[in-house]
Amino acid sequence: MDKASADCPYPGCFFCVMKEGNPSKRRASIIKFFRDLPSQDDDGQVLPISGLWNTAMAHPNDPEFIELGIFECMAALIWKGLKNRRWLSHDQNIYIPYYAAHIIGSYTMNMEEFAESAVRAGVIPPLVELLRGRLTWVEQRVAVRALGHLATYPSTFSAIANHGEILELSIQLAMSSLEIVYTHFYQNVDRRISYHCDLLTRGMGGVEMESRKAEEWASQLQCWSLQLINCFAFKPEFLSTICKPDLLVKLPGMWGGLVNENSPAGIGLLRTICHHKYGRGPVASCPGIIEALCNIARSSDDWQYMAIDCLLWLLQDPTTCSKVIDKAVPALLDLTEITTLGDHKKLGDTIVNVLQECLESQGTGRNSISSRVKEEIEEVLSSRQRLKWEKNMPKEDLHIKHAAALVVKLEGNSLFSSGNISGAASKYSEALALCPVRSKKERVVLYSNRAQCYLLLQQPVAAISDATRAICLHNPLNRHAKSLWRRAQAYDMLGLAKESLLDAILFINECSQSNDPDLSLRQNKVPDYAERLVKKQMRAAWLFKDASVKHGGVQCEGDTGHAYGQEADDSEWETASESDIGNDERDELGDDDCDWKTEDERKDKYDKPSMKDIKHAYNLQLAEGE
C-alpha cells in the first residue's frame, strides 16, 4: 500500500492497489487499506468508497473483500460519520456513511455466510443508529435495506431481534416514510441537501429528475421497511407488536415494491400475519382491511393471490369467519372461475371448497351467514353441479341451450341499442341462465355486456362483480380488455383510484397487443380516453398525496396537473365510455375502435407508454441491485 502508480499523485491509492499483479501483495495491501481507512482524514476518501460500492453492486457474491475486512471497515466509517461531524462535513465525506451502509446491504442480500460475517464485524449497532435517523432519510433508506437482508437469514435473525427497537423503528418508518421524504426533500426545493440531489440524479441533473427519483426512493424506503417487518412477522412472538390498528389499516395501501417481485409490500405483510392464528384476529377486527383485501383479490396485479390467501384463511378460521364472511364471500364468488394464478393451481376449486365449508358450518354454530350470502354460495355450487350434468348431456341439447342463449343475448343487444339499459341487463341475466357453463367465451361476453349495463345504470359494485367474472373466465386470465376498461370506470365511480389505475394500464396494454384486425392500427398507441383516465388516477393516487394534503400541498415543478396543485378538468373522460357502447352487430357491446378510423385522426393520438413507463411515472419503486 505504500507504493503508488507512477502516474498517480496519491500515496497508497486504493485503485493502484487493485492493479497489483502479485496476489499476496494485493491481498496484504487491501487488508491494510480496510484497517487504516477509518483512522485517516485525507481528502478523496469518498472515491475508493464509491468504487467499492460499485463493486458490491456489480459482484455482491464475490467473497474477496468479505475475507479481507470490508465489513469492519464500513462499520467503523459509519461510526466515524455519526461521532465526528467535523470530519463528516469535510470534503465529500458526507457521502461515506451512505455508501458504507449500501455496501453492507449489497454484500448481505444473497449470501448467508456473508451476513454472518457482517454480524460478527459489528455492523448492526451503527446501522441501527442510521435507522433512528441520526443522519438523514437517505441513510435510513440504505440502513433499513441492510438490516432487512440480515433479518432474512435464520442464523442472523436473532442478532437483529436482540435489538428490540429495530422492529419498532421499522414500523414507524413504514408508516411515516412518505411523509418524511415529502417534507424533507420534495416539498422544500430551496432547502434540499445538495448531496441528496447528487445521489438522486447520479449525473442526470434537473429538479424534475430529483423529484422523480425522490418518489422512487421514498417507495423503496417504505418497501424495505415492510421487508424488515415481514421477517419479524414470521415469528408469533412479535405479532402483538406488529398487529396494531394504526399499522394494519395502512398496509393494503402500501404499494412499495410493485416492480421488485421480492418485496412483500403491504399486502405481503398482511399475508404473513394472516398465516398465523394470532394475526388473523386483529386483521378481522380492523375496519376497512377486509374491503381493501376484497378489492386487491379482484384486481389483476402482482399480489392478487396474496389477498385471496388472506381471505381464505380468515374464512377457514372459526374465530374470524363470522367477522368477515359477509364482505369476503361476494368478492371470492367472483373469482371461482380462476384456474391457475401463478403457482396456485385450481385456485377456483379451492375457493369453492372453502365457501362450501362455510355454508356447511352454518349448522354447527361456528358462524352466521346472511341469507343473501347463503343464496350466492348456493348459486355457485349449483353452477358447478350444472357443469357436471352438462358432461353427460347430449351435444344436440347443449347446442340448443347455446343457441337459445345467443337469441336472448341478441335481444339484450337490441334493447341496449334502443336505450333500454335495464331491460338489456335482464336479458343478459336470462342468457347467462340458459348458456352452458362450459361455454366460457360466450359467458365472458354476457358478463362483460351486463357490466356495461350496470355502469350506465350507476351500479358500480355490480359492474365490478360482472367485469371480474368475465376477466376470470377469459383465457388468458386477467387479459379481457373490454372488461378491464369497464371495471376501471366502475372503480373510478367508487373513488378507488389505484384499482382503477391498474385496470386502465392493463387495458392499454391489451389494446396495444391485440391481434384483432380492427385494432391493428392501435399498435404503439393509447386510446385518448384511457390516457385521460390514467392521468386522472395517477394524480389521485400520487405517492405523496396524503403528505401533501397534511402539509398544505405545493405545486410540483413542471407538472401543472397534479391533484395536490391545480386541479385539471377530467370531465371529458367520463363521456369516453360512450365510445365503448358501439353497435349490436358485434358479439360484445363496445366498438372500441370507433375513435381510430382514419390516418389523420390517428396522428392526433399519443404514443403508447409501456407498462414500465407508466408504473415508473406513478413512482412505484425500482429496487437497486435487488
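Calculation criteria
Residues numbered from 1 in each chain as written. Predicted model: local features only at pLDDT ≥ 70, side-chain atom pairs only at ≥ 80, totals over all residues. Heavy atoms only, no water. Helix = DSSP H or I, 4+ residues; strand = E, 2+ residues; numbered from the N terminus. Buried < 20%, exposed > 50% of the residue type's maximum accessible area, 1.4 Å probe, protein only. Contact = heavy atoms within 4.5 Å. Areas by Shrake-Rupley, 256 points an atom, 1.4 Å probe, with all protein chains shown as cover. Salt bridge = Lys/Arg side-chain N within 4 Å of Asp/Glu carboxyl O. Arc of directions from axis to C-beta. pLDDT = per-residue confidence, 0-100. Polar contact = N/O pair within 3.5 Å; in protein donor to acceptor, adjacent residues only side chain to side chain. Axes fitted to C-alpha atoms, helices over the stretch in contact; angles between N-to-C directions. Parallel < 35°, antiparallel > 145°, perpendicular 65-115°, else oblique. Left-handed = near helix turned anticlockwise from the far one by under 90°. Nonpolar A, V, L, I, M, F, W, Y, C, P; charged D, E, K, R; others polar. Phe/Tyr/Trp six-rings, centres within 6.5 Å; stacked < 30°, edge-to-face > 60°. Lys NZ or Arg CZ within 6 Å of the ring centre and 35° of its normal. Patch = residues over 30% accessible without salt bridge, like charges linked within 9 Å, V, L, I, M, F, W, Y side chains within 5 Å. Lys, Arg positive; Asp, Glu negative; His and termini not counted. Charge placed at Lys NZ, Arg CZ, Asp CG, Glu CD. Expected span 1.5 Å × (residues − 1).

With that settled, consider the overall build of the protein. In terms of helices and strands, the protein carries 33 helices and two strands. Counting only residues that meet the buried cut, the protein has 56% of its 626 residues in that class. When contacts within the protein are restricted to residue pairs at least 6 apart in sequence, those whose partners lie at least 24 apart make up 71%. Surface accessibility of the protein: about 26900 Å² in total, with carbon and sulfur atoms responsible for 49%.

A word on the pattern of salt bridges. Counted by the stated rule, this structure contains 26 salt bridges. One salt bridge in this structure joins R35 and D36, with 3.6 Å as the shortest N-O distance. We classify R35 as exposed; its relative accessible area is 54%. Between E291 and K327 there is a salt bridge, and its shortest N-O distance comes to 2.9 Å. A residue pair is termed long-range when its members are at least 10 positions apart, and E291 in helix α19 (residues 289-298) and K327 in helix α21 (residues 321-333) qualify at 36 residues. Via salt bridges that share partners, E129, R132, R134 and E165 belong to a single interconnected network.

The next point concerns the environment of L167. For L167, the location among the structural elements is in helix α12 (residues 165-186). Judged by its relative accessible area of 3%, L167 falls in the buried class. Each C-alpha atom, one on L167 and one on I242, is 8.2 Å from the other, the two residues being 75 residues apart in sequence. When residues no more than four places from it in sequence are discounted, the contact partners of L167 are I229, F232, F238, T241 and I242.

Each α-helix winds once per 3.6 residues, and so residues spaced three or four apart point in a common direction. Three or more residues of helix α18 (residues 277-285) are buried, namely G279, R280, V283 and A284. Looking straight down α18, one finds its buried side chains confined to an arc of 130 degrees; they lie on one side.

The predicted model of the protein averages 83 in pLDDT, with 81% of residues at 70 or higher. Looking across the protein, the model is least confident in helix α32 (residues 599-603), with a mean pLDDT of 32, and most confident in helix α8 (residues 112-120), with 98. The low-confidence segment residues 554-587 (pLDDT under 50) makes 78 contacts with residues lying over four places distant or belonging to another chain.

For H480, the position within the fold is in the loop between α27 (460-473) and α28 (481-493). The exposure class of H480 is buried, given its relative accessible area of 6%. A distance of 2.7 Å separates a polar atom in the side chain of H480 from a polar atom in the side chain of S483.

To continue, consider unusual backbone geometry. Residue P476 follows N475 across a cis peptide bond; omega there is 10 degrees. Residue position: P476 is located in the loop between α27 and α28. Positioned with a positive phi, Q458 is a non-glycine residue whose angle comes to about 60 degrees. Its location among the elements puts Q458 in the loop between α26 (440-456) and α27.

This part takes up the packing of helix α9 (residues 124-131) against α12. For the pair α9 and α12, the least separation of the axes is 10 Å and the interaxial angle reads 30 degrees. Considered as vectors, α9 and α12 are oriented roughly parallel to each other. Note that α9 runs across α12; the crossing there is left-handed. Along the contact surface, α9 presents I124, V128 and L131, while α12 presents E165, I166, L169 and L173. Its residues assigned to classes, the contact of α9 with α12 comprises six nonpolar, no polar and one charged.

Take Q220: it is sitting in helix α14 (residues 207-233). Judged by its relative accessible area of 0%, Q220 is buried. There is a polar contact of 2.6 Å between the side chain of Q220 and the side chain of R141.

A few words on the packing of aromatic side chains. Overall, the coordinates contain 21 aromatic pairs when judged by the stated rule. Ring geometry for W137 versus F185: centroids 6.1 Å apart, planes at 70 degrees, classification edge-to-face. Taken together, the positions of W137 in helix α10 (residues 137-152) and F185 in helix α12 put the pair 48 residues apart, joining distant regions of the chain. Here W137 matches F185 in class, with each residue buried. A centroid spacing of 6.0 Å and a plane angle of 80 degrees characterise the contact between F157 and F238, whose relative ring orientation is edge-to-face. With F157 in helix α11 (residues 154-161) and F238 in the loop between α14 and α15 (239-242), this residue pair connects regions lying 81 residues apart in the sequence. Exposure class is identical for F157 and F238. Each is buried. Among the aromatic residues, those joined into a cluster by ring pairs are W53, Y95, Y98, Y99, Y195 and W217. When the ring centre of W217 is taken as reference, the NZ or CZ atom of R141 above it lies at 3.7 Å. Stacked on the ring of W224, the Lys or Arg R145 has its end atom at 5.8 Å from the ring centre.

For R487, the location among the structural elements is in helix α28. Separated by 25 residues in sequence, R487 and A462 place their C-alpha atoms 9.9 Å apart. Beyond its immediate chain neighbours, meaning those up to four positions away, R487 contacts R298, S299, S300, I464, A467, T468, I471 and D503. Among the polar contacts made by the side chain of R487, one reaches the side chain of D503 at a distance of 2.6 Å.

Let's shift gears to a positive patch on the surface. Side chains of K388, K391, K395 and R438 sit close together on the surface and give a patch of like positive charge. In this structure, K391 sits in helix α23 (residues 371-391). Taking the relative accessible area as the measure of exposure, K391 reaches 63% and is therefore exposed.

What follows is about helix α22 (residues 347-360). Over its 14 residues, α22 runs 20 Å from end to end, which matches the ideal 20 Å to within 8%, given 1.5 Å per residue. In this structure, the buried side of α22 is in contact with α20 (304-316), α21 and α23.

Inspection of the secondary structure assignment puts I94 in the loop between α6 (85-89) and α7 (96-108). When the C-alpha positions of I94 and Y195 are compared, they lie 7.7 Å apart, and in sequence the two are 101 residues distant.

What follows covers the packing of α21 against α22. A pair of packed helices is captured by two measures, namely the crossing angle of their axes and the spacing between those axes. Where α21 meets α22, the closest approach of the two axes is 11 Å, and the angle between their N-to-C directions is 140 degrees. Compared by their axis directions, α21 and α22 come out oblique. By crossing handedness, the relation of α21 to α22 is classed as left-handed. Residues C321, I325, V329, L332 and L333 of α21 form the contact with α22, whose participating residues are I351, L355 and C358.

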